[in-house]
Amino acid sequence: MATYLMLFRFTGRGIENIKDSPARVEAAKEAFKAIGAHVKEFYLLMGAYDTAFVVEAPDDETIMKAALNLGSQGSVRTETIRAFTEDEYKRIIADLR
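In this report, the structure presented in the accompanying data block is examined.

1. Some remarks on the pattern of salt bridges
Scanning the model with the defined rule gives 5 salt bridges in all. In this structure, Lys 29 engages Glu 26 in a salt bridge whose closest nitrogen and oxygen atoms are separated by 3.5 Å. In this pair, Lys 29 and Glu 26 are both assigned in helix 2 (residues 21-34), 3 residues apart and thus about one turn of the helix distant. Classification of Glu 26 by relative accessible area gives partly exposed; the value is 45%. Its salt-bridge partner being Lys 65, residue Glu 61 comes within 3.4 Å of it at the nearest N-O pair. In this pair, Glu 61 and Lys 65 are both assigned in helix 3 (residues 60-72), 4 residues apart and thus about one turn of the helix distant.

Below, the structure is given as structure tokens:
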């Protein structure tokens, strides 16, 4: 499974309904599970982004479906970044000349 950082910014609608946010997080976790992805961690952030997930998914297509599904609901905008574990990093570096 690949690891991804999924960063979120609340839309106007999302911040207006901030008290519903914990339920939206739980619903998102279930939706990810239903398509074969797993939300490992959730964070509330300070700075340019409002919240984040650390997600494991089998491939880029799966994580893209999850991002589009969340974005289409209108409460958040997403930015997704592929993350490599330390072991993956070491394998990548070992293959360099």
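2. Here's the deal with the layout of surface pockets
Sizing a probe to match a water molecule and rolling it over the atoms shows the empty space that remains. Quantified by volume, the largest pocket comes out at close to 230 Å³. Lining the largest pocket are 15 residues, with Arg 24, Val 25, Ala 28, Leu 70 and Val 76 positioned closest to its centre. Residue assignment for the lining of the largest pocket shows that the elements contributing at least two residues are strand 1 (2-10), helix 2 and strand 3 (51-57). Across the lining of the largest pocket, the residue classes break down as 10 nonpolar, 4 polar and 1 charged.

About the criteria used
- Residues numbered from 1 in each chain as written.
- Predicted model: local features only at pLDDT ≥ 70, side-chain atom pairs only at ≥ 80, totals over all residues.
- Heavy atoms only, no water.
- Salt bridge = Lys/Arg side-chain N within 4 Å of Asp/Glu carboxyl O.
- Helix = DSSP H or I, 4+ residues; strand = E, 2+ residues; numbered from the N terminus.
- Buried < 20%, exposed > 50% of the residue type's maximum accessible area, 1.4 Å probe, protein only.
- 1 Å grid on protein atoms, 1.4 Å probe; cavity = no way out; pocket = protein on both sides within 12 Å on 5 of 7 lines; lining within 4 Å.
- Points joined across faces, edges and corners; volume = space filled by probe spheres on them.
- Nonpolar A, V, L, I, M, F, W, Y, C, P; charged D, E, K, R; others polar.

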